[in-house]
Protein chains: 2
Amino acid sequence: VRFIGKNLWSVSTGDRHGMTRLVIVGGSDAGISAALRAREVDPAAQIDLLLTDRWPDYSICGLPYLLSGEVRRTEDLAHRTREDIEAAGITLHLEHRVDTIDARAHRVRARTAIGEREFSYDALVIGTGAMPQRPPIDGLHHDGVHQLHAVGDALELADRLTHPSAHRAVIVGAGYIGLEMADALRLRELDVAVVERLPEVMPTVDPQIGQLVRRTLEGGGVEVLTATAVSRIARDGNGLQVHTDLRTLDAELGLQAGARLGAAGALAVDEQMRTGVPGVWAAGDCVHTHHRLLAEPTYLPLGTTAHKQGRTAGENAVGGSRRFAGVLGTQVVKILDLAVAATGLRDDSALRNGYRPRTEQLVVPDHKRYYPGAVDLTIRLTGDERDGRLLGAQIAGGLSGQVAKRIDTIATALHHRLTVDELNDLDLSYSPPFSAPWDPVQAAAQAWSAAAPAP
Amino acid sequence: VRFIGKNLWSVSTGDRHGMTRLVIVGGSDAGISAALRAREVDPAAQIDLLLTDRWPDYSICGLPYLLSGEVRRTEDLAHRTREDIEAAGITLHLEHRVDTIDARAHRVRARTAIGEREFSYDALVIGTGAMPQRPPIDGLHHDGVHQLHAVGDALELADRLTHPSAHRAVIVGAGYIGLEMADALRLRELDVAVVERLPEVMPTVDPQIGQLVRRTLEGGGVEVLTATAVSRIARDGNGLQVHTDLRTLDAELGLQAGARLGAAGALAVDEQMRTGVPGVWAAGDCVHTHHRLLAEPTYLPLGTTAHKQGRTAGENAVGGSRRFAGVLGTQVVKILDLAVAATGLRDDSALRNGYRPRTEQLVVPDHKRYYPGAVDLTIRLTGDERDGRLLGAQIAGGLSGQVAKRIDTIATALHHRLTVDELNDLDLSYSPPFSAPWDPVQAAAQAWSAAAPAP
């Protein structure tokens, strides 16, 4: 029986108090989602949520906008206030760092400012997130070198930015967080340089899209150095020197951002987010994830995924059997006046996974050109040459071009294993200010089919 | 074998010249789509396209923006130029009004300025569109009363609008075209009144959304009269008088727009757009359409549908066997600073078709509130209470809220018969300027599930 409402199945608690004692470790997306979902399906559960810092349910994805000054107050970044969470009957334990799980005794131990505390559980959900990689660069310890990870890191950096002499920043890594930071710091009118080890910025999209991003960055006054590894950061007089293998930049402020994590170190979980340890679930950046187009689990730490996995873990921790449907790697990022989104596979990963990918690119206005304000969308569509199966897409375009929600149409189609050609069957919305009779997504599908090599 | 490329199957022509002679009647969305698709899959076919006016492949949906002045030149409304179409090897015959089809002899006869002409065919596609209903109102013949249908109508009206004394317009009918016209004429700074027979504007959405639209109209200076039927239009001195059953309005300009057509008079076709007459296909506003959520064919004349049906007919007319996948009634309309979109069924039609619908409404920002520029989205989600199946949605919100492409995510989900709860499984894109970790569409799904009555 499919679960369709909050009361459509009852929870078996089985402990001697007649209620489930649920302990959740981690107070970010996955942990909070688990807590809220558990409360929704089990009004009686005792829910204790332990987090290491003082910032439950904060939007980590919003940190660049706090640093840009677009968000004024740190509190505004909270998805929900502490009061909202507690009003749902979830007990928050701030500054509780869990260091021991005794899975046999069903107990966790946390260090706090006033000593150690123990919590017993019937069910445990681990949502501790991930630690960013420290890249092998000498000098990361210098004052002025920042790594952007938790809310506290952002506050330290914000403090640095308001220092009157901060006028130049070097960002190491041109992944999406690094580029969001470039956008943010330009808005604060700092001189910004981005250094990327790989040949093009934004390695999560094809170089053709990466070039658009680079032009947008350069047009916005960001200095871009690709194929350039940072080897050493040194303090020199009153500033920092960033040494690369190509040249040396003066810098007052080095930001460490955008580093990708490998699958190593992530917890393995099944589709129900079970760790295999009885009574222990895990979710979010600390776990592997199932990808709907790949045979093997992968590692893709994203807030959307953390929410879904957390919700699944929370429901199951109080008796449910929900399955996490898996990801497609759907992402969107704003970089100055450009929106860049992607979902599914690109040629390289598709090839490695047994597909025979072909990618075609189409540049098309987001809506009928005759209506004012049209912006170009660059759409790259990837399909399998053998059976026409849709494998993925990348879209870059102006902020008004509904890029984010157009990639969602493709993500929904990928979810259902559509062929490229079947995109043309979808009844998508149109009027001249918003689209064309064939939505750009469908125009790209037709371009892909039309470019098919003769058999 | 699925069709995935232009050359993956060959066409059997079977006539004595070795090529298919395809005649298409109608030069708007359906007819042109059929012609272009036929050319794409059969490079050898002889394609003759006959149209009554001089405007092949014009975006009828763009007429309001021509009248508003946002589009400067009529030519800009062409999806493709006449030269583009002819360069594809399609022979255009302007001002050819077909009045006879001899299906036995495979011949059509057209009236032209210089007499009658006959065309033989192997395959015939009919895409003649529909005639708007003339409502039972006395005085529609008066000068100053306009009906908006073809390009020529719009040009006549445009001519009227540039007349120096035109400063007041009454629009009869508050359907989406009527409301687009209200928007357009306000932009020209005319005084505008909209008269609607039904209790609320925009009868294609629920009154809760209709009220939002009405407030937007009134906020923009449009006078709105609902539950008001127009009975008579009279000429009085130098203006027109519009008589309604509630009160009389002075008006210089009456616009007839937004009237809906019943299913009566539409041609019946199967999924391959065959009429049942050998060698004759039909598509666009002149035919019935299959709705994926309804057991019986319905009538829903929209440009998107005409393109898809035309493409299907064109492919099949030169030997294919493509099936039109059916519609969901997906629509979007811009009304001043509001975007309103809908897809699928509402309670009334769902009930009539054997579903047990329940609709919930959620108001939610389009993206994280902390990032500047968030606009409210009002989302009404309809599902079946018995099995949780998604049935439809309506979204209204600010123009920057990606309303059009959010309805497309739901349309794609409807296409695949998802449950409301399964919307939560979709890997949709997020970053704070564009969405939330649970996209508003998913937040609405969760609100729908949470409001489920206790079993």
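Residues numbered from 1 in each chain as written. Chains lettered and ligands numbered in written order. Predicted model: local features only at pLDDT ≥ 70, side-chain atom pairs only at ≥ 80, totals over all residues. Heavy atoms only, no water.

## Section: the interface of chain A and chain B
Our working rule: Between two residues, a contact is recorded if the distance between any of their heavy atoms is within 4.5 Å. Accessible-area loss on putting two parts together, using a 1.4 Å probe and summing over both, is the definition of buried area adopted here. Each salt bridge in this description consists of a side-chain nitrogen of Lys or Arg and a carboxyl oxygen of Asp or Glu lying within 4 Å of one another. Pairing of N or O atoms within 3.5 Å defines a polar contact, subject to two protein rules: one partner must be a possible hydrogen donor and the other a possible acceptor, and residues neighboring in sequence count only if both atoms are side-chain atoms. For the purposes of this entry, the term helix denotes a DSSP run of H or I that reaches at least four residues, the term strand denotes a run of E that reaches at least two, and both are numbered from the N terminus. Each residue is assigned to one class: nonpolar for Ala, Val, Leu, Ile, Met, Phe, Trp, Tyr, Cys and Pro, charged for Asp, Glu, Lys and Arg, and polar for all the others, Gly among them.
Each partner contributes residues to the interface: chain A has 83 residues there, and chain B has 84 residues. Between chain A and chain B, roughly 7,000 Å² of surface is buried when both sides are summed, and carbon and sulfur atoms account for 60% of that area. Connecting chain A to chain B are six salt bridges. R322 of chain B is the partner of D425 of chain A in a salt bridge, and the nearest nitrogen-oxygen pair spans 3.9 Å. At the junction of chain A with chain B, the criterion picks out 30 residue pairs in polar contact (both at pLDDT 80 or more). Counting residues per element, the ones that place at least two in the side of chain A that touches chain B are helix 7 (303-317), strand 17 (331-335), helix 9 (403-415) and helix 10 (440-450) of chain A. The biggest single contributor to the side of chain A that touches chain B is helix 9 of chain A, with eleven residues. Looking at the side of chain A that touches chain B residue by residue, the classes come out as 35 nonpolar, 25 polar and 23 charged.

## Comments concerning helix 10 of chain A
For clarity, the threshold we go by: Burial classification: accessible surface area is computed with a 1.4 Å probe over protein chains only, and a residue below 20% of its type maximum counts as buried, one above 50% as exposed, and the rest as partly exposed.
Of all eleven residues in helix 10 of chain A, nine are buried; the element is thus mostly enclosed. Buried residues of helix 10 of chain A: P440, V441, Q442, A443, A444, A445, Q446, W448 and S449 of chain A, and no others. On its buried face, helix 10 of chain A is in contact with strand 19 (357-365), strand 20 (376-384) and helix 9 of chain A together with helix 7 (303-317) of chain B.

## What to know about the sheet that holds strand 18 (residues 338-344) of chain B
Residue and element names in this part refer to chain B. Operational definition: Whether two strands pair comes down to DSSP finding at least two bridges between them. Angular values range over 0 to 180 degrees, each being the angle between N-to-C directions of two axes fitted as lines to C-alpha atoms, with helices fitted over their stretch in contact.
Here we have five strands laid out as an open sheet, ordered 17-18-21-20-19, and antiparallel in their pairing. Across the chains shown, the open sheet's two edge strands, defined by having one partner strand only, are strand 17 (331-335) and strand 19 (357-365). Across the sheet, the mean angle from the axis of one strand to that of its neighbour is 10 degrees, orientation sign disregarded. In the sheet, strand 20 (residues 376-384) pairs with strand 21 (residues 390-398) via seven bridges, with the strands oriented antiparallel. In the sheet register, T378 faces strand 21, and the bridge partner there is A396. With respect to the sheet, helix 6 (residues 207-219) is in contact with strand 17, strand 18, strand 19, strand 20 and strand 21, its orientation differing from that of strand 18 by roughly 160 degrees.

## Overview of the relation of the copies chain A and chain B
Just so we agree on the cut-off: All copies are superposed by least squares; the fitting set is the C-alpha atoms of residues with a pLDDT of at least 70 in both.
For these two chains of identical sequence, chain A goes onto chain B by a turn of 180 degrees and a shift of 0.0 Å along the axis, with RMSD 0.0 Å. Expressed as an axis order, the relation between the two copies is that of a two-fold axis. Both copies contact each other with a shared surface, as 100% of the interface residues of chain A are interface residues in chain B too.

## Some words on the sheet that holds strand 2 (residues 46-50) of chain A
All names here are of chain A. Read from one edge of the open sheet, five strands run 3-2-1-7-16, paired in parallel fashion. Edge positions in the sheet fall to strand 3 (90-93) and strand 16 (280-282), since each has one partner strand and no second. Here the strands of the sheet are splayed against their neighbours by 20 degrees on average, with no regard to which way each runs. As paired elements, strand 2 and strand 3 share four bridges and run parallel to each other.

## Examining the nonpolar core
Where we set the bar: Note on terminology: a nonpolar core comprises buried Ala, Val, Leu, Ile, Met, Phe, Trp, Tyr and Cys residues joined through side-chain atoms within 4.5 Å.
In this structure, V213, L217 and V340 of chain B are the most contacted members of the largest nonpolar core, which totals 42 residues. Top contributing element to this core by residue count: helix 4 (residues 151-162) of chain B, with five residues. The contacts of V213 of chain B, once residues within four sequence positions are left out, are L179, V201, M202, I335, L338 and V340 of chain B. The next biggest cluster of nonpolar side chains, apart from the first, holds 41 residues, and it includes V71, L190, V205 and L217 of chain A.

## Description of the packing of helix 9 of chain A against helix 9 (residues 403-415) of chain B
To keep things clear, this is the line we draw: Working rule for angles: under 35 degrees goes down as roughly parallel, over 145 as roughly antiparallel, 65 to 115 as roughly perpendicular, anything else as oblique.
Between helix 9 of chain A and helix 9 of chain B, the least distance of the axes is 8 Å, while the angle of their chain directions is 5 degrees. Relative to helix 9 of chain B, the element helix 9 of chain A lies roughly parallel. Together, K405, R406, D408, T409, T412 and A413 of chain A of helix 9 of chain A and K405, R406, D408, T409, T412 and A413 of chain B of helix 9 of chain B make up the contact between the two elements.

## Comments concerning the pairing of strand 6 (residues 115-120) of chain A
Each regular strand carries side chains that alternate between the two faces of the sheet. Residue and element names in this part refer to chain A. Pairing of strand 5 (residues 107-112) with strand 6, which is carried by six bridges, proceeds in the antiparallel orientation. Within strand 6, the residue paired with R107 across the bridge is S120. Between the end of strand 5 and the start of strand 6, which pair antiparallel, lie two residues.

## Examining the confidence of the model for chain A
Low pLDDT means the predicted atomic positions in that stretch should not be read closely. All names here are of chain A. The line we're drawing: Each residue carries a pLDDT value, the predictor's own confidence for that position, ranging from 0 to 100.
This prediction gives chain A a mean pLDDT of 85; 90% of its residues lie at or above 70. The secondary-structure element of chain A with the lowest mean pLDDT is strand 15 (residues 253-256), recorded at 29, while helix 9 shows the highest, at 97. Here residues 1-16 is a poorly scored stretch, pLDDT under 50, and it has 40 contacts once near neighbours within four places are set aside; other chains count. Per-residue pLDDT stays below 50 along residues 246-264; that stretch engages in 80 contacts with residues further than four places along the chain or on separate chains. For this predicted complex, the interface score ipTM comes out at 0.83, alongside a pTM of 0.83.

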